[in-house]
Amino acid sequence: MNDTGTFRSFNLTYTGNYENGFRNGKGIMANLHTSEKYEGDWKEDYTHGKGTLTGNEYEKCKEENCEDSHIPCLNSVYVGDFK
């Protein structure tokens, strides 16, 4: 079943495409608690393909100079491929 819609939980919202009950296609997930947001491609409930990730964790990393962190410090924005 293919559909579009919005899912809301305590601190997350997802608006976008669904396929067989999974997030598939284009969609936006936002964490209302941290202001993090992913907008882009999804495949079977996971970020996959092209997308943009923005949010507080990137700012925090930049402020703390976390050069060795797994969180990229790119002015609070990551644009690129997700696997």
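Quick look at the structure, then.

The rules we used
- Residues numbered from 1 in each chain as written.
- Predicted model: local features only at pLDDT ≥ 70, side-chain atom pairs only at ≥ 80, totals over all residues.
- Heavy atoms only, no water.
- Helix = DSSP H or I, 4+ residues; strand = E, 2+ residues; numbered from the N terminus.
- Buried < 20%, exposed > 50% of the residue type's maximum accessible area, 1.4 Å probe, protein only.
- Contact = heavy atoms within 4.5 Å.
- Areas by Shrake-Rupley, 256 points an atom, 1.4 Å probe, with all protein chains shown as cover.
- Salt bridge = Lys/Arg side-chain N within 4 Å of Asp/Glu carboxyl O.

Summing up its helical and strand segments, the protein chain has one helix and six strands in all. In the protein chain, the order of α-helices and β-strands from amino to carboxyl end is β-β-β-β-β-α-β. Expressed as a percentage of its 83 residues, the buried residues of the protein chain come to 28%. Across the protein chain, contacts joining residues at least 24 apart in sequence account for 15% of those joining residues at least 6 apart. Total accessible area on the protein chain is roughly 5,900 Å²; 51% of this is exposed by carbon and sulfur atoms.

We now examine the pattern of salt bridges. Tallied over the entire structure, the rule returns three salt bridges. A salt bridge links Lys26 to Asp41; its shortest N-O distance comes to 2.6 Å. Of this pair, Lys26 sits in strand E3 (residues 22–31) while Asp41 is found in strand E4 (residues 37–43), placing the two residues 15 residues apart along the sequence. Since its relative accessible area comes to 52%, Lys26 is described here as exposed. Owing to a relative accessible area of 17%, Asp41 belongs among the buried residues under this scheme. The salt bridge involving Glu39 is made with Lys37; its shortest N-O contact spans 4.0 Å.

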